[in-house]
Amino acid sequence: MPYPLEMQPSLGLVSRSRKDRLGRSFPKMDFAEKAKLLEAYHPDFRSLEKEAIRVGPNRGMRAPKELARVLESYSRLDAGAVDLAKPDYTTDVLVIGSGGGGVTAALTAKGRGAEVLMATKLRLGDSNTIMAEGGIGAATTPDDSPVIHYIDTLVGGRYQNIPDLVEALVTGAPFVVGWLTDLGVNFDRRPDGSYLTHMPAGHSRKRSHSIKDITGLEIMRVICDEVRNEEILVLEFSPAVELVLDTQGRCAGAVLYNLDTGQHCLVQAKATILATGGMGRLHPQGFPTSNHYGATADGLVMAYRAGAKLIYIEFIQYHPTGIAWPEQMLGLLISEALRAQGAQVVNSAGDMFVDRLETRDALSAAIIRECGERKLGVVTPTGMVGVWLDTPLIDIIGGKGTFMRRFAGIQSRFKKYDIDPANEPILVYPTQHYQNGGITINVHGETNVPNLYAVGEVAGGVHGHNRLGSNSLLDIFVFGQRAGAHAAEKIKGIHGEQLTLDHVRAYQKELEAAEIPASRISPMLLPDYRFEKALTTVEHAK
Amino acid sequence: MHDIIKMIPVYVMGRKYEVPQGLTILKALEFAGYKITRGCGCRGGVCGACVTVFRRKDDFHLQIGLACQTLVQPDIFLTQLPYIPAHKAVYSINRVLPEGLNLLKLYPVLTRCMGCNTCTKSCPMNLQVMNYIGAALRNDLAQVVELSMECVMCGMCAARCPAELAPFNIALLVRRIYGRHVLRRPGTLDQRLKEIQDGVFSKDLLELKASGKHELEEKFKSLQATKGSAV
């Protein structure tokens, strides 16, 4: 299914204007222009699609409707039916979730002598991490420094990042790259053996460390292999459905749900590390998502019931270059690295309308404006709309074969649909990509609930209101290590107390008082795409 | 979907359903009413969870593909695989050195490869699996890395190998040896780690943490002016 007839005229305009665009760039917005654009067009500023949360520690805080719905829901668990005196497992550290953050926390805690148990919804390693194409940001080159990395991160985050968390992020970054290299990750290299780095949008130096366009896959293969070498116990297909507290209000484990047998099991732990990822599969604001099947905000829901505070939860990252055609790949991500390599963003007339290296929020807003108000988007036969990412420029600039060498994965995915991105542009539209906010943490990943840690996308504050590319892979390893190390120390002073699910009962009372219908149950665990929901909805594009 | 959708017949575990043309196997199963738990992961073609077998009516070939990436055809027989057991050696990567490497110590099963090429024919990523197993037997680590880099660890090569190898786990070991001991960490990295440990950046960071929006904005502008090309 190559590009259909109705899209051909625009393709012609793009290819005709290409020569003229080569070597030129669209003027970058200044700070005032950018702020105005965001306010007018970025979904974060669409207040009608947000709701104030009616219950819990952040009552009154605005959240996307879809998230508010799962926060304002009843437990899947009959609290009275769990025998809290008889845990099925006891361990020092329970890690919930097995993406990059969870695995790193588990390996670190185990390396420091703690007994670790991992519980994960699907298989070990199933996560958004594995899908990360672009790279991991770290100031490892001589012309870069953690100081520059700090500035870029704060500007990208609209100055709302928690400074101490960013300091931990940027100074931990080079160590993380070293740690992964020592585990046997094959980072791209220059002929002299140094790291081959590139500069994603919003960064001021080349600091993204990649492995072709499969950075996350390579890293997850390696660190999951290490989990097996370390013989850490992993309970797969066992999502947590509720956290368990002790009588002193400290987190002391979780109740898991066996997806195969339908049985619950109780894990008692001295420390619990939540690394459950984000909310993409709730499809906030009706957008398609680049996220993994399991990204249903479970960690936010459980932690919130246990009293953990959330921060910046209304700020969602829409990655500007989600696939808009073919339909089968709608919402999947096209790495920012393509823009770093020279691909421009152009409208249906073949004209540039924004600098290709604007930050994700600004570029998304510009594309939404181009397709909406300006009506210069390309309409597909399914009613989706998008603009062109002019990928043929990559070979023109870098030499024939560059695209294939750097982006073999993307090439092969499009080839199935008779589209060759080395020679034809790709149609893109913003896709839900990342939850910028999350559970409030300190530099050790500790939440306000004692002995409960949060790591990675489920946590908030590191990225302010908008995360820079290459900082999420970084975040999970830095804070995975920090939480794992801190938990391994902290457990030494903890002795098991009596367990309780009273917080779940108390939350239920709040829900009842707010007259929330009893039919609402969460966490969602997996989205329901059965029957007509298997077909894509494109409401947001109208 | 503004046009009339063309429906085609598919068979899910033998039972007939009508689904719209142009769906992937995964979406066709969901359209038929199946909620997938095992056999679905990233939905983007990189995690390997949804590898499956399928067959067209009147065709003897058993085909293999990722359910999230493969389009359904009329009269296709579908199922999802819950799990593929495969053998993996346990090792400490620091102690497996490329010098004098004998992969047979960790994977003696390598000698059982009879060169039948079933693994290559089974790979949903179209990797040259048999060739990388050959390269592993020759200790040609760089070749294994190159030929296996796109592996999504779905395990289908292990399920199909008549000699009962788990090629994907053998390749993973080789790639780790290569990354750890051949590529290694560059000296410039150690220099940077030392600077951080020595507190070279501490004072600047302390100042920045107290800086307001305007100062950060100005600093960012001057950095952007000197940033050079993106690659």
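A. Just the overall build of chain B, in detail. Helix and strand counts for chain B come out as 10 helices and 5 strands. Relative to its length of 231 residues, chain B is extended, with a C-alpha radius of gyration of 25 Å against a globular reference of 17 Å. Taking the principal axes of the C-alpha coordinates as reference, chain B spans close to 70 × 60 × 30 Å. Counting the 231 residues in chain B, one finds 39% classified as buried. The contacts in chain B between residues at least 6 apart in sequence include a share of 58% that link residues at least 24 apart.

B. Up close: the overall build of chain A. Of regular secondary structure, chain A possesses 15 helices and 21 strands. Its C-alpha radius of gyration of 23 Å places chain A within 12% of the 24 Å reference for a compact globule of 542 residues. With respect to the principal axes defined by its C-alpha atoms, chain A has extents near 70 × 55 × 45 Å. Here chain A holds 542 residues, and the buried ones make up 64% of them. Of the contacts formed within chain A by residues at least 6 apart in sequence, a portion of 75% connects residues at least 24 apart.

C. Inspection of the interface of chain B and chain A at higher detail. Listed per partner, the contact involves 64 residues of chain B and 70 residues of chain A. Going through the elements one at a time, helix H1 (25-32), helix H7 (167-183), helix H8 (187-197), helix H9 (202-209) and helix H10 (213-225) of chain B are the ones with two or more residues in the side of chain B that touches chain A. Looking at which element gives the most residues to the side of chain B that touches chain A, the answer is H7(B), with 8 residues.

D. Main features of the domain arrangement of chain A. Residues and elements named next belong to chain A. Examined at the domain level, chain A breaks down into domain 1 (5-41 + 318-432) and domain 2 (79-129 + 213-315 + 436-503). When each unit is reduced to the centre of its C-alpha atoms, the spacing between domain 1 and domain 2 is 35 Å. At the junction of the two partners, domain 1 supplies 21 residues and domain 2 supplies 13 residues. Mapped by element, the contributors of at least two residues to the side of domain 1 that touches domain 2 are strand E13 (316-323), helix H10 (360-371), helix H13 (408-415) and strand E17 (426-435). In terms of residue class, the side of domain 1 that touches domain 2 is made up of 9 nonpolar, 8 polar and 4 charged.

E. Region of interest: the nonpolar core. Within the largest apolar cluster, 187 residues are counted, with the highest numbers of intra-cluster contacts made by A:Val93, A:Val95, A:Ile273, A:Ala303, A:Val455, A:Ala487 and B:Ala28. Those residues in contact with A:Ile273, other than ones at most four positions away along the chain, are A:Val93, A:Val95, A:Ile96, A:Ala105, A:Tyr453, A:Val455, A:Ala483 and A:Ala487. Within the second largest apolar cluster, 44 residues are counted, among which are A:Leu330, A:Ile368, A:Val385 and A:Leu427.

F. Spotlight on the environment of A:Arg207. Residue and element names in this part refer to chain A. Inspection of the secondary structure assignment puts Arg 207 in the loop between strand E6 (197-198) and strand E7 (208-209). Residue classification places Arg 207 among the buried residues on the basis of 30 C-beta atoms within 10 Å. Here the alpha-carbon distance between Arg 207 and Leu 259, two residues 52 residues apart in the chain, equals 41 Å. Residues in contact with Arg 207, not counting those within four places in the same chain, are Gly 137, Ala 138, Ala 139, Thr 141, Asp 144, His 149 and Thr 197.

G. Just the sheet that holds strand E20 (residues 459-460) of chain A, in detail. Residues and elements named next belong to chain A. On the basis of which strands lie adjacent, the open sheet formed by 3 strands has the order E12-E18-E20 and mixed pairing. Only two strands of the sheet have a single neighbouring strand rather than two, namely strand E12 (310-311) and E20. For E12 and strand E18 (residues 438-440), the ladder comprises 2 bridges, and the chain directions are antiparallel. Opposite Ile 311, over in E18, you have Gly 438 as the bridge partner.

H. Summary view of the sheet that holds strand E1 (residues 7-12) of chain B. Residues and elements named next belong to chain B. With mixed pairing, the 5 strands of this open sheet are ordered in space as E2-E1-E5-E3-E4. Since the sheet does not close on itself, it has two edges, and those belong to strand E2 (15-20) and strand E4 (63-66), each with one partner. Adjacent strand axes in the sheet meet at a mean angle of 40° when their direction is disregarded. Of the strand pairs in this sheet, strand E3 (residues 51-56) and strand E5 (residues 76-78) are connected by 2 bridges, and their pairing is antiparallel. Bridged to Arg 56 within E5 is Ile 76. Along the sheet face, H1 touches E1, E2, E3 and E5 and points at about 110° away from the line of E2.

I. Representation of the pairing of E13(A) within the structure. Residues and elements named next belong to chain A. With 8 of 8 residues buried, E13 lies mostly within the body of the structure. Direction of pairing for E13 relative to E17: antiparallel, over a ladder of 6 bridges. Each bridged residue has a counterpart across the sheet, and for Gln 317 the counterpart in E17 is Tyr 434.

J. Representation of the packing of helix H4 (residues 129-137) of chain B against helix H5 (residues 141-148) of chain B. All names here are of chain B. Interhelical geometry of H4 versus H5 gives an angle of 160° and a closest axis separation of 8 Å. One way to sum up the angle between H4 and H5 is to call them roughly antiparallel. H5 is crossed by H4, and the crossing has left-handed handedness. Between H4, through Asn 131, Tyr 132, Ala 135 and Ala 136, and H5, the contact on the second element is made entirely by Gln 143, Val 144, Leu 147 and Ser 148.

K. Looking closely at the environment of B:Cys151. Residue and element names in this part refer to chain B. In this fold, Cys 151 is placed in the loop between H5 and helix H6 (156-160). For the pair formed by Cys 151 and Glu 18, sequence separation is 133 residues and the distance between their alpha carbons is 33 Å. Ignoring sequence-local partners within four residues, the contact set of Cys 151 consists of Met 125, Leu 127, Phe 168 and Ala 171.

Conventions we followed
- Per chain, the residues get numbers from 1 upward, laid out in the order the sequence is written.
- Lettering of chains starts at A and numbering of ligands starts at 1, both following the order in which they are written.
- Where local features are concerned, this predicted model is filtered to residues with pLDDT of at least 70; where side-chain atom pairs are given and counted, the filter is 80 or more; whole-chain, interface and lining totals use all residues.
- Working definition: helices are DSSP H or I runs of at least four residues, strands are E runs of at least two. Numbering for both runs from the N terminus.
- The size measure is the radius of gyration over C-alpha atoms, and the globule rule it meets is 2.2 Å times the number of residues to the 0.38 power.
- Residue burial here comes from a neighbour count, namely the number of other C-beta atoms, placed from the backbone, that lie within 10 Å of the residue's own C-beta, with 20 or more meaning buried, 12 or fewer meaning exposed, and in between meaning partly exposed.
- Here contacts are defined at the residue level, using C-beta atoms placed from the backbone and a cut-off of 7 Å between them.
- Here the limits of each domain have been adopted from an automatic or database domain assignment.
- Here the nonpolar group is Ala, Val, Leu, Ile, Met, Phe, Trp, Tyr, Cys and Pro; Asp, Glu, Lys and Arg are the charged ones; every other residue, Gly included, is treated as polar.
- Note on terminology: a nonpolar core is a set of buried residues of type Ala, Val, Leu, Ile, Met, Phe, Trp, Tyr or Cys, with members joined through C-beta atoms within 7 Å.
- A pair of strands is considered paired only if DSSP assigns at least 2 bridges between the two.
- Here an axis means a line fitted to C-alpha atoms, over the contact stretch when the element is a helix, while the angle between two N-to-C directions is reported on a 0 to 180 degree scale.
- With respect to orientation, any angle under 35 degrees is reported as roughly parallel, any angle over 145 as roughly antiparallel, any angle of 65 to 115 as roughly perpendicular, and every other angle as oblique.
- Two helices that cross are described as forming a left-handed crossing if the nearer one is turned anticlockwise from the farther one by less than a right angle, and a right-handed crossing if clockwise.

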